[in-house]
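# Breakdown of the fold
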Amino acid sequence: MMIRVYSPETEPGKTGGHDTHSSHLYGLVVTWIEQLAVFGAGIAAGAINTIVGSGTLITFPVLLALGYPPVTANVSNTIGLVPGGVSGVWGYRRELAGQRARLLRLGSATLIGAVTGAILLLTLPPGAFKAIVPVLIIAALVLVVVQPRLSRWVRQRREQNGGDAPAHGGLLLWLAVLGTGVYGGYFGAAQGVLLMGLLGVFVHEDLQRLNGVKNYLALLANTVSAAIFICVAHVSWQAAGLIAVGSIIGGQLGATVGRRLPPNALRGVIVIVGTIAVVRLLTS
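Just so we're clear, the structure is a prediction, and the values are computed from it rather than from any experiment.

## Observations regarding the nonpolar core
Counting residues in each nonpolar core, the largest one holds 66 residues, and the members touching the most others are Phe60, Val75, Phe129, Ile137, Leu173, Phe187 and Phe229. Sort the elements by how many residues they give to this core and helix α10 (residues 207–232) lands first, with nine residues. Sequence-distant contacts of Phe129, that is, excluding residues within four places in its chain, are made with Phe60, Pro70, Val71, Asn74, Leu121, Pro134, Tyr186 and Phe187.

Spelled out as structure tokens, the structure:
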């Protein structure tokens, strides 16, 4: 199997000319306003990832809007969000206490899946990513919108089953988490929403403790993918750095005060920004 290493110049539809976006093609954010936009998106994404799990739908569209090629934007975004994931997991450390066996079991599925997803991103041509990502974003937006209904369904299922569920979810949950790991390694927007739905269905546990597990698994997927991308893919380190610093702040905000924010307001922002990303991808 051959892994293609794409630089911005080799992505379809991009040239080496010095147009208004040429600096972006070489990984540079050229104005302080753009730097502020990326930094602010990192803060928002770090907070949203800790609370909801759809932060990529904030940062990825911002990078696209600034002219970054889709694969470079995805790679840089994945790397930049890792520190925010660490921040969010640290904020949920009390909820994670006593769940070591569960984290190890489900973490193995996430690890295998994330490696597979990252390799798919790097082996498939950039044109495939550009074609697939709008579908993934739309699917992620649908998940964000239906999350309240999904949560109600989870509660009803628990009541019907008398509140019983396997301690670690069984083989079905492991396989489902493997699938979300593949998705997370490839793109990952709303991976947290998927994980919360699955954990809520298969595991009988307090939802805040499950949210801690979700944060850990999403961080693991991002970290594995980021490690691979750093070795073989083109990274805009300035964009990744701005997102990283912002996401650290956002992760702490999400873990401390984020639970007080109206969930519908967060969903509204995600849907608006995600829709803009889809339109930009389809029209560029």
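Moving on, there is more to tell.
## A word on helix α4 (residues 70–91)
With 22 residues, α4 should cover 32 Å at 1.5 Å per step; its first-to-last C-alpha distance of 31 Å lies within 8% of that length. Val82 marks the point of greatest bend in α4, at about 30°, and the proline Pro83 comes within the next four residues. In terms of residue burial, α4 counts as a mostly covered element, since 19 of its 22 residues are buried.

## Looking at the packing of aromatic side chains
Applying the stated rule across the entire model yields four aromatic pairs. Ring geometry for Phe129 and Phe187: centres 6.2 Å apart, planes at 75°, overall edge-to-face. In this pair, Phe129 sits in helix α7 (residues 126–160) while Phe187 sits in the loop between α8 (170–186) and α9 (191–202), placing the two residues 58 residues apart along the sequence. Its relative accessible area of 2% is what places Phe187 among the buried residues. Through a chain of ring-to-ring contacts, three or more aromatic side chains come together here, namely Phe60, Phe129, Tyr186 and Phe187.

## Thoughts on the UniProt feature "transmembrane region" (unreviewed entry) in the protein
Those residues carrying the UniProt feature "transmembrane region" (unreviewed entry) are residues 103–125, 131–150, 171–204 and 265–283 in this numbering. The span residues 131–150 is 100% helix and 0% strand, and its two end C-alpha atoms sit 28 Å from each other. Secondary structure across residues 171–204 divides into 82% helix and 0% strand, with the first and last C-alpha atoms of the span separated by 15 Å.

## Comments concerning the packing of helix α2 (residues 32–51) against helix α3 (residues 56–65)
As a packed pair, α2 and α3 sit with axes 7 Å apart at the nearest point and diverge in direction by 160°. Relative to α3, the element α2 lies roughly antiparallel. Two packed elements cross with a definite hand, and for α2 against α3 that hand is left-handed. The residues of α3 that touch α2, namely those facing Ala37, Val38, Ala41, Gly42, Ala44, Ala45, Ile48 and Asn49, are Thr56, Ile58, Thr59, Val62 and Leu63. For the contact of α2 with α3, the residue count by class is nine nonpolar, four polar and no charged.

## Focus on the environment of Gly169
Looking at the secondary structure, you find Gly169 in the loop between α7 and α8. Taking the C-alpha atoms as reference, Gly169 lies 9.8 Å from Arg105; in sequence the two are 64 residues apart. Look past the residues within four positions of Gly169 in its chain and what remains in contact with it is Phe202 and Val203.

## So, empty space enclosed by the protein
Any empty space left between atoms is shown by rolling a water-sized probe over those atoms. Evaluated as defined, the whole model comprises two cavities of 30 Å³ or more. A volume near 270 Å³ is recorded for the largest cavity. Lining the largest cavity are 23 residues, and of these Asn49, Gly85, Ala218, Leu219 and Asn222 sit closest to its centre. Counting residues per element, the ones that place at least two in the lining of the largest cavity are α2, α4, α9 and α10. Partitioning the lining of the largest cavity into residue classes produces six nonpolar, 16 polar and one charged.

The rules behind each value
- Residues numbered from 1 in each chain as written.
- Predicted model: local features only at pLDDT ≥ 70, side-chain atom pairs only at ≥ 80, totals over all residues.
- Heavy atoms only, no water.
- Core = buried A, V, L, I, M, F, W, Y, C linked by side-chain atoms within 4.5 Å.
- Buried < 20%, exposed > 50% of the residue type's maximum accessible area, 1.4 Å probe, protein only.
- Helix = DSSP H or I, 4+ residues; strand = E, 2+ residues; numbered from the N terminus.
- Contact = heavy atoms within 4.5 Å.
- Expected span 1.5 Å × (residues − 1).
- Bend = angle between axes of the 7 residues up to and from the residue.
- Phe/Tyr/Trp six-rings, centres within 6.5 Å; stacked < 30°, edge-to-face > 60°.
- UniProt positions renumbered as here; feature names shortened; annotations may be inferred.
- Axes fitted to C-alpha atoms, helices over the stretch in contact; angles between N-to-C directions.
- Parallel < 35°, antiparallel > 145°, perpendicular 65-115°, else oblique.
- Left-handed = near helix turned anticlockwise from the far one by under 90°.
- Nonpolar A, V, L, I, M, F, W, Y, C, P; charged D, E, K, R; others polar.
- 1 Å grid on protein atoms, 1.4 Å probe; cavity = no way out; pocket = protein on both sides within 12 Å on 5 of 7 lines; lining within 4 Å.
- Points joined across faces, edges and corners; volume = space filled by probe spheres on them.

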